[in-house]
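# What the coordinates show
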Amino acid sequence: MGVGEDRYPGFRDFVSARGPALSRAAYLLTGDHHAAEDLVQSALARVLRHWRKVRDGDPESYVRRTMYHLQMSWWRRRRVPERLAAVPPDRGGPDPHRTTALRMTLDQALDGLSPRQRAVLVLRYYEDMTEGQAAAMLGCSVGTVKRHTHDALARLRATAPHLVDEDRPTPAERAVRGRS
């Protein structure tokens, strides 16, 4: 291989094109910008090792699956309890994503979910995957995805009931009412 040749053809273009979308998904999984950056970088480093095999298929799906599995693994290893501060630390300037009370409330409510529940919600409602696709991505059964979705939505309703639009039933409630 000569000087200047690309050892991983297409990888740089893939990261440039899909990096922002991967970062958004990572942020939704972690709830923290720095942890999201670490998650994306770790997933991309793992994918890079297999780039020649992955690039001709669906590399984004491979990276996302790696991110979900890494997040679950990191959460299992991290057993240090978090300490909540009375005042959030200064993050070095205004964050456009946290400009409304609604966003802050939603962030706090999502922080109350387990990593698996959060991953299921991200896959189902942000990534717009079916229950089957989410189950395949997480390596579990469809029933497990349904259970985590139900539990996560119930916890969100209990944690932040004012976020629920009482006039608009949830998809599950619409399905049950449709059968009656």
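Structure: above.
I will try to describe carefully the structure that is included in this document. (Residues numbered from 1 in each chain as written. Predicted model: local features only at pLDDT ≥ 70, side-chain atom pairs only at ≥ 80, totals over all residues. Heavy atoms only, no water.)

### Regarding helix H8 (residues 142–159)
Worth spelling out the cut-off: In this description a helix means any DSSP run of H or I spanning at least four residues, a strand means any run of E spanning at least two, and both kinds are numbered starting from the N terminus. To estimate how far a helix should extend, the number of its residues minus one is multiplied by 1.5 Å. Per-residue accessibility, obtained with a 1.4 Å probe over protein chains only, is compared with the maximum for each type, and a residue is labelled buried under 20%, exposed over 50%, and partly exposed between these values. Picture the helix axis, draw a direction to every C-beta atom, and the arc is the one those directions span.
Its 18 residues place the ends of H8 25 Å apart at the C-alpha level, agreeing with the 26 Å of an ideal helix rising 1.5 Å per residue. Those residues of H8 that sit buried are Val-145, Thr-149, Ala-152 and Leu-156. Down the axis of H8, the smallest arc covering the buried residues is 70°, so these residues share one side.

### So, the packing of helix H1 (residues 11–30) against helix H2 (residues 33–49)
Which entries qualify depends on this criterion: To obtain each axis, a line is fitted to C-alpha atoms, and for helices this fit is confined to the stretch in contact; angles are then taken between N-to-C directions over 0 to 180 degrees. Roughly parallel means an angle under 35 degrees; roughly antiparallel, over 145; roughly perpendicular, 65 to 115; everything else is oblique. Working rule for handedness: look at the near helix, and if it is turned counterclockwise from the far one by less than a right angle, call the crossing left-handed; if clockwise, right-handed. Any two residues having at least one pair of non-hydrogen atoms within 4.5 Å are treated as being in contact. Each residue receives one of three labels: charged for Asp, Glu, Lys and Arg, nonpolar for Ala, Val, Leu, Ile, Met, Phe, Trp, Tyr, Cys and Pro, and polar for the others, Gly being one of them.
At their nearest, the axes of H1 and H2 sit 8 Å apart, and the two run at 135° to each other. What the angle tells us is that H1 and H2 run oblique. Regarding H1 and H2, the two cross each other, and that crossing is right-handed. Packed against H1, whose contacting residues are Phe-11, Phe-14, Val-15, Leu-22, Ser-23, Ala-26, Tyr-27, Leu-29 and Thr-30, the element H2 presents His-33, Ala-35, Ala-36, Leu-39, Val-40, Leu-44 and Leu-48 at the interface. A per-class count over the contact of H1 with H2 returns 13 nonpolar, three polar and no charged.

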